[in-house]
Amino acid sequence: MFGSNSLRKPFLIAFLVIFMASVVCLRTAFAATTVTIGKFENVTTDSVVSVPVVKTSGDDLLFGFDFLMLYDTTALFLIDVTPGELFYIPGSFEWEYFNSRSGSEGESTGLVRAVGVADINDGDHHSLENLIPDGTVLFTLNFVFGADPESNCSWNPIKFYWKECGDNALAINDMAGALGVSRFVYDWDGNEYSEISDYGYGIPGIYGVSDNCLTNESIVRMLDLYNGGVEVSCDTMVNLRGDINCNGLEYEIADFVVLSNYFLFGSMAFGDMGECSQYHSDVNADGTYLQLEDLIYLYRIIIGDAIPLVDEFDHETITVAAFQDIDAKIISMDYTGELAAVHLVFEGEIVPSVSINVPGIIWAYGYSENHTRILILPEVTSHKPHFVIDGPFLSYTGNGQLISVSAADYNDHIFNIQIDSSGNDLTLPYMIKIGMINVAAGGEAFSLPVSKTAGSEGIGGFDFLIGYDANILNITHVTPAIPFDIPGEYEWEYFTYRFETCDLPDTICTASLLRVIGMAETNNGSHHALRTEIPDETVIFSLEGEITADPTYNGLIIPVSFIWMECGDNAIAYGPVGEKLALSRHVYNIHGQDISNPETGFPSYDGASDVCFELGENSPERFIDFQNGGVKIGAGDNLRLVVSIDSVFARPGEKEIHLDVYMTNFRDTIPGFNMLIQLDNPDLVKFGKSPDDTTAIDITGSLIDNWEFVSYHTSDHAGYNIQIVALANATPPFANSIFPQENGLLLRLILHTSAEIPDLIENTTVGVLINAFPQWTGFSDLDGNLIGFVDDGYDPQLIAFYNGAITFGGEVAGDANGDGNLDVGDPVFIVNYVFRNGPEPASIISADANCDSDCDVGDAVYLIRHVFKSGPGPCGRK
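In this text the structure is predicted, and so the values were computed from the model without any measurement.

1. As for the pattern of salt bridges
It is possible for side chains of opposite charge to pair when their charged atoms get near one another.
Right, so step 1: The full count for this structure, using the stated rule, is 20 salt bridges.
Right, so step 2: Taking the shortest distance from any N to any O, the salt bridge between Asp187 and Lys159 comes out at 3.4 Å. With Asp187 in strand β11 (residues 178–188) and Lys159 in strand β9 (residues 155–160), this pair connects stretches of sequence that are 28 residues apart.
Right, so step 3: Asp187 gets classed as buried once you look at its relative accessible area, which sits at 14%.

In structure tokens form, the structure reads like this:
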């Protein structure tokens, strides 16, 4: 059975719908197809390199692909994966589905998966061509190349990698569900290719798919794979730490000037050198970039007071308090030690005045992108001047919120400065929020509020553009709320909305858009708006409609998000007569994570582009934060947490078994948990890799991969039980906590079969059970409360635990094609048997996934829900 790690899911999502592809003639023989990862030589450090993955030979019809590749993260930073011309619409091929996912395999090894499907049969559109010409780029891996600057001429490989049998495979016959897997694998050492195929090596590995995976005639060795990679230029001058202006000379006066300008004007000070300048800015070797401490250490090197650093080391941290009196417009700090520099950032435009009068100390300020930056620092011609700030040291005019203070001294300390504000006359940005609701599926109505939740300025009008999936959420109308009530407290005059579509191919634009426009005052008669100051938490309007009745979407979160097609989208007019235009500052996704990216362009879910602010004196301001929302389908109004253990089928004689545990926390943030898991037949299976290796869990790539404390132990009874205890952080605040999310991999259990188990055991099941008593199992919210705990136990309406199972069997329920696995071939096989007169399954048991004593399309749908939506396993097992 395919595993359920995060990299596996796109393959399952994409390939499980291949059974809908158009009919072609069944062929029993396949020629070799070759796929090659590109090779690049003489690449310079800090450059962007796009590595194509190319179909280089072969004349078989292709219906989909799933490739998994590994690379060295110390040299290559993955930006994104872009689909090739197969997926252009309009185009010659018009394949319908492409997805990619990245992950890790150890400390310095990255993984990237790319999946493509020709036809998913979800509408009138279908792919046009399945015969792919040689030389066609399937997709491109885009990296920032940041190899060790001293590793000139070194080769950094990108290799095909196998974690499971279905990795690096082609769908080569949509009728019979045939899968083309590796025949030969060739590696490039920087000079030549050499074959490294090893059918007996097994997985995980880089040597091709194992012979053990060829369990059925539908799995064919017909794919030759060539690895690629990137080589560091042998001729390029090495740029070292401290070369801020990227001219090949480090620690010069010009580097000090460029880095100083960054603290006054932001990243625009670097011009086209942004990535290079940042990469070389960790002058004090503390592992962080673009810090004030780096500027002062650079100054010390230039004046001869310090030597350049090579290796990173820890610095002592000092905590200091800074104070902003908003009414008096004064900044003060309480620190009696000697300082070399201070940097302050205000949100808003101010004119500062600094009262530090020390020979050799200068100050300057700059304003850009609605931020005022002030820098106090030593003159480069002076020798270590210093100053003390023990009280007020800066006053200003204008309105601004102090959002950042940094300090540095000559003793390599790191300063942690906490800001405290007082006063009430500060202008505060707006927050516009789309609501989040839970409803049941089945055609039920919903009403999703859009609210103003923060902001101190009056609103003259707004123009919001919202994207959503109309196939799932059928928004039929928009209802204006309190500001537009007549009679009412505000009596705004104009409200309208219209539905739009996005006709931009090959973009992130959704198929369905909704524009909502409101104005406080239209000046078209004797009536006028009464007020423009809208209190926080006021609903402005509501999105009304119905949820699809299709049960396929049960248990999913369907986002409703702000989208930008042009500069005027998602804007608010404010000021005394609405003369100012506010655009996005921060954009938060459905889980509250900041996804803002001012460089994205249009269309975008990431906020207004920087180009919208290059309009001269009357440019808009970044003055609105947006919070996206959505609808949780089928979760119910009360359910807060679901924990489930997967079910797997083990082959007779299989010694090591992996079992995934998933968690959905609908509304609570999880900082810690403990859980007791037990086996109901420990004579056959025990926790741990083997009797000699007690490793019993794997958290790589899981929700708790970065948690500070994860501990477990198995019982004294030879691994019958396992108790797991985990904390996001050893001490508050619990910054690594798990935000609300759906079907995340919590951890992976590792078990082994007992030495006495017969190799031929069949049709035997071992239950893997969560002990749901609160003294043994509990999941905490941020307030320290056990989620779902009521009186002396758990309320099943609030929390649900689903047990798992390990089944040793010959005939596996759901294994329609008889290859011993639950994978892409099974729903393909079932649909071809039911609708296309395909071959019969080996038995009704193997094809009957839902155990209704029949083989029909319901079994295929059942398997789809299990493998990519965490639905029940065959015959109801979770």
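2. Brief notes about the packing of helix α2 (residues 253–265) against helix α4 (residues 292–303)
Right, so step 1: With their axes 10 Å apart at the nearest point, α2 and α4 run at an angle of 160° to one another. The pairing of α2 with α4 is recorded here as roughly antiparallel in orientation. As α2 runs across α4, the sense of the crossing is left-handed. Only Leu292, Asp294, Leu295, Leu298, Tyr299 and Ile302 of α4 make contact with α2, whose side of the interface consists of Ile253, Asp255, Phe256, Leu259, Ser260 and Phe263.
Right, so step 2: By residue class, the composition of the contact of α2 with α4 is nine nonpolar, one polar and two charged.

3. Details of α4
Quick reminder: α-helices carry 3.6 residues per turn. Residues three or four places apart thus point the same way.
Right, so step 1: Over its twelve residues, α4 runs 17 Å from end to end, which matches the ideal 16 Å to within 8%, given 1.5 Å per residue.
Right, so step 2: Burial in α4 covers these residues: Leu292, Glu293, Asp294, Leu295, Ile296, Tyr297, Leu298, Tyr299, Arg300 and Ile301.
Right, so step 3: As for α4, its buried residues are in contact with α2, β17 (341–347), β20 (371–378), β22 (401–408) and β23 (414–422).
Right, so step 4: Looking one or two residues beyond α4, the residue adopting positive phi is Gly304, at roughly 90°.

4. Some words on the packing of aromatic side chains
Between two aromatic rings, the relevant description is the distance of the centres plus the angle of the planes.
Right, so step 1: On inspection of all chains with the given rule, the structure shows 42 aromatic pairs.
Right, so step 2: Members of the aromatic cluster, connected to one another through ring pairs, are Phe462, Phe464, Phe484, Trp492, Phe495, Phe541, Phe562, Trp564 and Phe626.
Right, so step 3: Above the ring of Trp188, the side-chain terminus of Lys39 is found at 4.6 Å from the ring centroid.

5. What about unusual backbone geometry?
Right, so step 1: Along the chain, Ile203 connects to Pro204 via a cis peptide bond; the corresponding omega equals 5°.
Right, so step 2: Residue placement: Pro204 occurs in the loop between β12 (193–195) and β13 (219–226).
Right, so step 3: A cis amide bond links Ile486 with the next residue in sequence, Pro487, at an omega value of 0°.
Right, so step 4: By the secondary structure assignment, Pro487 is in the loop between β28 (473–480) and β29 (494–500).
Right, so step 5: Even without being glycine, Lys329 reaches a positive phi, approximately 60°.
Right, so step 6: Counting through the fold element by element, Lys329 comes out in the loop between β15 (317–325) and β16 (330–339).
Right, so step 7: The phi dihedral of Lys384 is positive, around 55°, even though this residue is not glycine.
Right, so step 8: Position of Lys384 among the secondary structure elements: in the loop between β20 and β21 (387–398).
Right, so step 9: Of the residues examined, Lys384 reaches a relative accessible area of 27% and is grouped as partly exposed.

6. What about the environment of Tyr299?
Right, so step 1: Inspection of the secondary structure puts Tyr299 in helix α4.
Right, so step 2: When its relative accessible area of 0% is taken as the criterion, Tyr299 is described as buried.
Right, so step 3: C-alpha of Tyr299 to C-alpha of Thr381: the two residues are 82 residues apart in sequence and 9.8 Å apart in space.
Right, so step 4: Non-local contacts of Tyr299, meaning those with residues more than four positions away in its chain, are made with Phe256, Pro378, Glu379, Val380, Ser382, His383, Lys384, Pro385 and Tyr410.

7. Remarks on the state of the cysteines
Right, so step 1: Applying the stated rule across the entire model yields two disulfides.
Right, so step 2: Here Cys165 is linked by a disulfide to Cys213, with a sulfur-sulfur distance of 2.0 Å. Judged by the sign of its S-S torsion, about -70°, the bond between Cys165 and Cys213 is left-handed. Taken together, the positions of Cys165 in the loop between β9 and β10 (169–173) and Cys213 in the loop between β12 and β13 put the pair 48 residues apart, joining distant regions of the chain.

8. Some points on the side chain of Thr453
Right, so step 1: Mapped onto the secondary structure, Thr453 falls in strand β26 (residues 445–454).
Right, so step 2: When near neighbours in sequence (up to four residues on either side) are disregarded, Thr453 contacts Met431, Lys433, Asp536 and Glu537.

9. Structural notes on the sheet that holds β21
Right, so step 1: With respect to topology, five strands assemble into an open sheet ordered β18-β21-β16-β15-β23, the strand pairing being mixed. Since the sheet does not close on itself, it has two edges, and those belong to β18 (350–354) and β23, each with one partner. Across the sheet, the mean angle from the axis of one strand to that of its neighbour is 25°, orientation sign disregarded.
Right, so step 2: Of the strand pairs in this sheet, β15 and β16 are connected by four bridges, and their pairing is antiparallel. Across the sheet, the residue bridging to Phe323 is Ser332, located in β16.

10. Concerning the environment of Ile547
Right, so step 1: As for its placement among the helices and strands, Ile547 is situated in strand β31 (residues 538–547).
Right, so step 2: Overall, the relative accessible area of 3% leaves Ile547 in the buried class.
Right, so step 3: Put simply, Ile547 and Ala470 are 77 residues apart on the chain and 9.3 Å apart in space, counted from C-alpha to C-alpha.

Cut-offs applied
Residues numbered from 1 in each chain as written. Predicted model: local features only at pLDDT ≥ 70, side-chain atom pairs only at ≥ 80, totals over all residues. Heavy atoms only, no water. Salt bridge = Lys/Arg side-chain N within 4 Å of Asp/Glu carboxyl O. Helix = DSSP H or I, 4+ residues; strand = E, 2+ residues; numbered from the N terminus. Buried < 20%, exposed > 50% of the residue type's maximum accessible area, 1.4 Å probe, protein only. Axes fitted to C-alpha atoms, helices over the stretch in contact; angles between N-to-C directions. Parallel < 35°, antiparallel > 145°, perpendicular 65-115°, else oblique. Left-handed = near helix turned anticlockwise from the far one by under 90°. Contact = heavy atoms within 4.5 Å. Nonpolar A, V, L, I, M, F, W, Y, C, P; charged D, E, K, R; others polar. Expected span 1.5 Å × (residues − 1). Phe/Tyr/Trp six-rings, centres within 6.5 Å; stacked < 30°, edge-to-face > 60°. Lys NZ or Arg CZ within 6 Å of the ring centre and 35° of its normal. Disulfide = S-S within 2.5 Å. Pairing = 2+ DSSP bridges.

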